Structure formats: structure tokens, C-alpha cells
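One-letter residues, chain by chain:
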Amino acid sequence: MGKGWYIVLLVFAVACNPNVEKERTVVEKAVTKPVPEVGYAPEAKLKTLGIELKTPSEPIANYVHAVRSGNLLFLSGKGPKKPDGTNIVGKLGADLTVEEGYAAARMAAINQLAVLKAELGDLNKVARIVKVKGMVNAVPEFTAHSKVINGYSDLMVSVFGDRGKHARAAVGMGSLPGNMAVEVEMVVAVYE
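This one's a predicted model, so the numbers in the text were calculated from it and none came from an experiment.

1. Here's the deal with the pattern of salt bridges
Across all of its chains, the model carries three salt bridges by this definition. Lysine 54 is the partner of glutamate 52 in a salt bridge, and the nearest nitrogen-oxygen pair spans 3.8 Å. Here glutamate 52 and lysine 54 have matching classes, each one exposed. Across the pair lysine 165 and aspartate 162 runs a salt bridge, and its minimum N-O distance is 3.3 Å. On the basis of relative accessible area, lysine 165 is assigned to the partly exposed category, the value being 42%.

2. As for the layout of surface pockets
For the largest pocket, the calculated volume is near 700 Å³. Around the largest pocket, the lining comprises 29 residues; the ones closest to its centre are Ser57, Lys78, Gly79, Lys81 and Asn111. For the lining of the largest pocket, the elements supplying multiple residues, two or more each, are β2 (72-78) and α4 (98-120). Here the element with the most residues in the lining of the largest pocket is α4; it accounts for five residues. Residues of the lining of the largest pocket, tallied by class, amount to 13 nonpolar, nine polar and seven charged.

About the thresholds
Residues numbered from 1 in each chain as written. Predicted model: local features only at pLDDT ≥ 70, side-chain atom pairs only at ≥ 80, totals over all residues. Heavy atoms only, no water. Salt bridge = Lys/Arg side-chain N within 4 Å of Asp/Glu carboxyl O. Buried < 20%, exposed > 50% of the residue type's maximum accessible area, 1.4 Å probe, protein only. 1 Å grid on protein atoms, 1.4 Å probe; cavity = no way out; pocket = protein on both sides within 12 Å on 5 of 7 lines; lining within 4 Å. Points joined across faces, edges and corners; volume = space filled by probe spheres on them. Helix = DSSP H or I, 4+ residues; strand = E, 2+ residues; numbered from the N terminus. Nonpolar A, V, L, I, M, F, W, Y, C, P; charged D, E, K, R; others polar.

Laid out in C-alpha cells, this is it:
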């Protein structure tokens, strides 16, 4: 349906409905698509941070890296896999310090950015990081989950600016697959 049809619908709405302003707004939202502003360059920011994104490996089980629904992209949990293919492993509060956990969460963020790049082709299509769920492999007495997952959140804000600020959960887990230190999943709003 072309833009001309929306104009016809708008005229029809004006003629048949006393709530003209409300109908006009609905039609305008259908016609208008947001676009990134000038100067928004997350991939350039990655270069200044010295981060090179690798092609994500294929999932090793019956799942996919991401599922898109409308303008939302739901990313599967990713861990702190290093460039050599091994994970940062250990339990926070026993094997790893908060600083080491922060570095692990940052590595998980880099891995998620690689998935985003592979899915979208261009990180400029990221409209907003919406939600992050950070899971920390920790002993029951550990209480600094937020400080660990800050490694993830801080990188998202460094790369995307205010668009990287997100709603978040940072929770402790009794264990994670392969004893990895953290696993993080995320929801991202994307441009068409």
C-alpha cells in the first residue's frame, strides 16, 4: 500500500470521525519510520575502543543466536568466550574477583555485539538497547552481581551512547554452562 493510500485514509478519517487529531497521529506513525541521526556511528566507536568483532560460531544446540519480532531483536544468552575459543570460567566469590567478573561481562558484551553485527549487517541499525539480563556464576554469599554486569552495561553505553542505556537484571546463579563466569541475554530495538 503506497503513501497515497494513507492520505486517502486520513481524508476518510477526517470526514467520518470527530477525533480527527487522534486519527491523523495514527496515520502519521504508520507512514513515518525513524532513522538514525547524523553522527551516530557505533562501529566507529568500536574501532576507537580497539574492539574487532569476530563472526559468531554456530549454536551448538537446538537454538538460534537471535529472533526478531517486529522491531525487537531477542538475543540468546552469550558467555565470555575469548578469541581463542575458551570461556572465562569460575565462580565469583571463590575463583574470580569482581574485577575479573567485570572483564568477563565485558567479553560477553563483545560477543553479543558480534551477533548483532551478523544479524543486522550494520550496528547503525540499533535504535536502542532495551533490556539486559545478566547471570553471574557465584557463591551464595556473593552480593556484587551489579558490579560484575556493569562490565556489560558500560560497554553498551560506550558504543551506543544514550541508546545503550537499558533496563537490566543482574542475578546470581548456582552454576552456568561449562562453569562460565557470566551469561548475558539482551533485547534490542532496531530500525527497519
